[in-house]
Amino acid sequence: MKKWMLALSAVFVAVAAGAAPNNKELKIGVSQEFDTFNPLISSMVASTYIYRMVGRSLVNLDADSRWVPQLATAIPSFEKGTAKFIEDKGVKKVQATWEIIAAAKWGDGKPVVCEDFLFAKKVAESPNVSVGDKETYAQVEKIDIDPANPKKCTFTYNKARWDFNQLALFFPLPKHIEGPIFEKFGSAKEGYEKNSAFTRTPTNKGLYNGPYLISEVKLGDHVTLVPNPNFYGAKAKIERIIVKVIQNTSTLEANLRSGTVDMIGTLGLTLDQGLAFEKKIKAESLPYDIQFTPSITYEHIDLNLDDAIMKDVKVRKALLYAINRDELVKNLFEGKQPVAIHFTAPKDPWYTDDPAKISTYRFSRREAGKMLDEAGWKLNKSDGYRYKDNKKLTMQFMTTAGNKIREMVQVYLQEQWKQVGIEITIKNEPARVFFGDTTRERKYGQMAMYAWMASPENVPRSTLHSSAVPTKDNGWSGQNYPGWKNKEADAVIEQLETEFDSGKRKDLAAKLTKLYTDDVPVLPMYYRTDISVIPKNLTG
């Protein structure tokens, strides 16, 4: 789903003079560690959060979910004559002309040109490079560069896609820096990732083309950003931004109060902490505003479909029936984060909760027990657990260590599943490890809990299509981490990509959701509310 990460925009902010914090420096606290700032390889929202301050793509979504140009001078369309249908060997395709803003430069002053997009496509399509959303690059069959203008290029798409001009995650790479590295190391598995300048020298100015540059990186601690003097857009308002990693969400408030951080980003407080801190702000007249914003993020649990236990759909359905999700959101979130029923959030036009169109699983221990019985897992009344072929029904459950709310949810679910005879062992890892090999290579035992983000009306090829299952053969590319393979779902996704009628697309999206909810490759938990704490003198 275009990496299932909303294309976050950098926020240009101004702080009132004479107050602390001020325009000299802003320290932002986040609870998730970043991995790499190479936009093709990164799989963590924290990295995207930072990259959107230092990098740009052709287009992006604004705050109102409208597509706007970033590096492009304009968004091509059929109406403007900058896009057209063509037929190539009997296949209907789309051609679109993109032009990069004349003043767009990398941080070292080199111009951003079409070659940088062509090179990014080459890297993304390499079987030796682990790219979560290869489809964004693969959908562009070829890029022809205008010989008279290196910033003007024609993209020919491999099919007639309705979303051809929504390439929020088609990032360029600075060929003048990364090109020689890829030529030298790209023939080896993960050779490019390990030797990329984003990995070896992430403070190289030439890697970035956004309003800020990365001037310092300390893994697990902080990233420092300074204004990019070669940025083509509005000048950055704050002279230095420090994004500080504080992985234990319980300590973020203390760091805010002590001045270690000036604000907490949306990757910070959990909802229960936000609700409690809101009361403190009012009671103590603290100089902060707290924002609660319904998001397009959904918390869920991936089920490892390579695992022998999880291959049985009855076991998967039993897990969902056994959870009282209504009670969970009421007790932990005061009902402000609604129960998730599938991967599409209520803010998305493709969302549906119509029981005639999707399968739903209301809490029922009786139904859960029935499913487990049918799957051959029989309850042993002496110890309360289920067994099959003398093997106890035991599952490993993983998530990001230090995230208070996730750890609370784990304990709640552990008890819920125990009530139907399932033993749960909890093993958590730091986010950097968890979102590295663990999820991508399905090393999480049976269950992995985390969140996805998606822009509206997003075709979920990268997370649901069988071609997006990460494997050793494809360099662990793709984001279908459960390993879900459903031929009918694949066909619907392929239809979605080429259906130009919005009504028919919505019907197809509902059909895909039905297949997904029938098969239960994932346990949807709740739709998240974004929480941020900002100083009252921060505006913009």
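See above for the structure.
What counts as what
- Residues numbered from 1 in each chain as written.
- Predicted model: local features only at pLDDT ≥ 70, side-chain atom pairs only at ≥ 80, totals over all residues.
- Heavy atoms only, no water.
- Helix = DSSP H or I, 4+ residues; strand = E, 2+ residues; numbered from the N terminus.
- Rg over C-alpha atoms; globule rule 2.2 N^0.38 Å.
- Buried < 20%, exposed > 50% of the residue type's maximum accessible area, 1.4 Å probe, protein only.
- Contact = heavy atoms within 4.5 Å.
- Areas by Shrake-Rupley, 256 points an atom, 1.4 Å probe, with all protein chains shown as cover.
- Lys, Arg positive; Asp, Glu negative; His and termini not counted.
- Charge placed at Lys NZ, Arg CZ, Asp CG, Glu CD.
- 1 Å grid on protein atoms, 1.4 Å probe; cavity = no way out; pocket = protein on both sides within 12 Å on 5 of 7 lines; lining within 4 Å.
- Points joined across faces, edges and corners; volume = space filled by probe spheres on them.
- Pairing = 2+ DSSP bridges.
- Nonpolar A, V, L, I, M, F, W, Y, C, P; charged D, E, K, R; others polar.
- Expected span 1.5 Å × (residues − 1).
- Polar contact = N/O pair within 3.5 Å; in protein donor to acceptor, adjacent residues only side chain to side chain.
- Core = buried A, V, L, I, M, F, W, Y, C linked by side-chain atoms within 4.5 Å.
- Phe/Tyr/Trp six-rings, centres within 6.5 Å; stacked < 30°, edge-to-face > 60°.
- Lys NZ or Arg CZ within 6 Å of the ring centre and 35° of its normal.
- Disulfide = S-S within 2.5 Å.

Trainee: Explain the overall build of the protein here, please?
Mentor: A tally of helices and strands in the protein yields 16 helices and 21 strands. Relative to the 2.2 N^0.38 estimate, which gives 24 Å for 540 residues, the radius of gyration of the protein is 24 Å and therefore close to what a compact globule would have. Oriented by its inertia axes, the alpha-carbon framework of the protein measures out at about 80 × 70 × 45 Å. Classification of the 540 residues of the protein by burial places 58% in the buried group. For the protein, the share of sequence-separated contacts (at least 6 apart) that also reach a separation of at least 24 residues comes to 71%. Element-wise, carbon and sulfur atoms account for 51% of the exposed surface of the protein, whose accessible area totals about 21600 Å². Put simply, the protein has 75 plus and 66 minus side-chain charges, and the middle of one group is 1 Å from the middle of the other.

Trainee: Help me out: how do you make sense of empty space enclosed by the protein in this one?
Mentor: To find leftover empty space, one rolls a probe the size of a water molecule over the atoms. Overall, the coordinates contain 9 cavities of 30 Å³ or more when judged by the stated rule. Taken as a whole, the largest cavity holds about 500 Å³ of empty space. Lining the largest cavity are 35 residues, with Gln32, Leu267, Asn403, Arg406 and Arg528 positioned closest to its centre. If you list the elements that add at least two residues to the lining of the largest cavity, you get strand E13 (288-303), helix H12 (404-418), helix H13 (431-440), strand E19 (447-453) and strand E20 (522-535).

Trainee: What's the story with the sheet that holds strand E15 (residues 385-388) in this structure? I'm lost.
Mentor: Within a beta sheet, neighbouring strands are joined by backbone hydrogen bonds and run either parallel or antiparallel to one another. Strand order in this open sheet of 3 strands is E14-E15-E16, and the pairing throughout is antiparallel. Each having just a single partner strand, strand E14 (378-380) and strand E16 (391-392) make up the two edges of the open sheet. Strand direction decides the pairing type here: E15 and E16, joined by 2 bridges, are antiparallel. Along E16, the bridge assignment pairs Tyr387 with Lys392.

Trainee: How should I be thinking about the layout of surface pockets in this particular structure?
Mentor: Space inside the second largest pocket adds up to approximately 590 Å³. Lining the second largest pocket are 23 residues, with Asp35, Thr36, Ile41, Thr199 and Arg432 positioned closest to its centre. Looking at the lining of the second largest pocket, the elements with two or more residues in it are helix H5 (191-195), helix H6 (197-200), strand E9 (212-218) and H13. When residues of the lining of the second largest pocket are assigned to their parent elements, the largest contribution, 5 residues, is made by H13. Its residues assigned to classes, the lining of the second largest pocket comprises 8 nonpolar, 7 polar and 8 charged.

Trainee: Just checking my understanding: could you explain helix H15 (residues 487-498) for this structure?
Mentor: Because each turn of an α-helix spans 3.6 residues, side chains separated by three or four positions in sequence point in the same direction. Given a rise of 1.5 Å per residue, 12 residues ought to cover 16 Å, and the 17 Å separating the end C-alpha atoms of H15 matches this to within 8%. Here the buried face of H15 lies against helix H3 (134-138), helix H14 (461-464) and helix H16 (502-519). Near the N-terminus of H15, the side chain that reaches the backbone nitrogen of Glu488, with its oxygen 3.0 Å away, is that of Asn486.

Trainee: I'm lost on the nonpolar core in this one. Help?
Mentor: Nonpolar side chains tend toward joint burial in soluble globular proteins. Ranked by size, the top nonpolar core spans 157 residues in total, and within it Phe155, Trp417 and Met447 carry the most contacts. Among the elements that take part in this core, E20 stands out by supplying 8 residues, more than any other.

Trainee: How should the packing of aromatic side chains be read in this particular structure?
Mentor: Two numbers describe a pair of aromatic rings. These are the distance of the centres and the angle of the planes. For the structure shown, the criterion picks out 30 aromatic pairs. With a centroid separation of 4.6 Å and an interplanar angle of 45 degrees, the aromatic rings of Tyr137 and Phe170 are classed as tilted. Residue Tyr137 is found in helix H3, and its partner Phe170 is found in the loop between strand E8 (152-157) and helix H4 (175-185); the two are separated by 33 residues along the sequence. By the burial criterion, Tyr137 is buried, and Phe170 matches it. Aromatic rings pair up to connect Phe78, Phe85, Trp98, Phe117, Tyr137, Phe155, Tyr157, Phe164, Phe170 and Phe500 into one cluster. Positioned above the aromatic ring of Phe85 is the side chain of Lys92, whose terminal nitrogen or guanidinium carbon lies 4.2 Å from the ring centre.

Trainee: Got a minute to help me understand the state of the cysteines in this structure?
Mentor: Put plainly, a disulfide is one covalent bond tying together the sulfur atoms of two cysteines. Under the counting rule described, the total for this entry stands at 1 disulfide. Two residues, Cys114 and Cys153, share a disulfide whose sulfurs are 2.4 Å apart. Where Cys114 bonds to Cys153 through sulfur, the torsion about that S-S bond is close to -80 degrees, and the disulfide is left-handed. Of this pair, Cys114 sits in helix H2 (residues 114-124) while Cys153 sits in strand E8, and the two are 39 residues apart along the sequence. With a relative accessible area of 0%, Cys114 lands in the buried category. On the basis of relative accessibility, which here comes to 2%, the residue Cys153 falls in the buried class.

Note that every value here comes from positions in space, so none of it alone points to a role or purpose.
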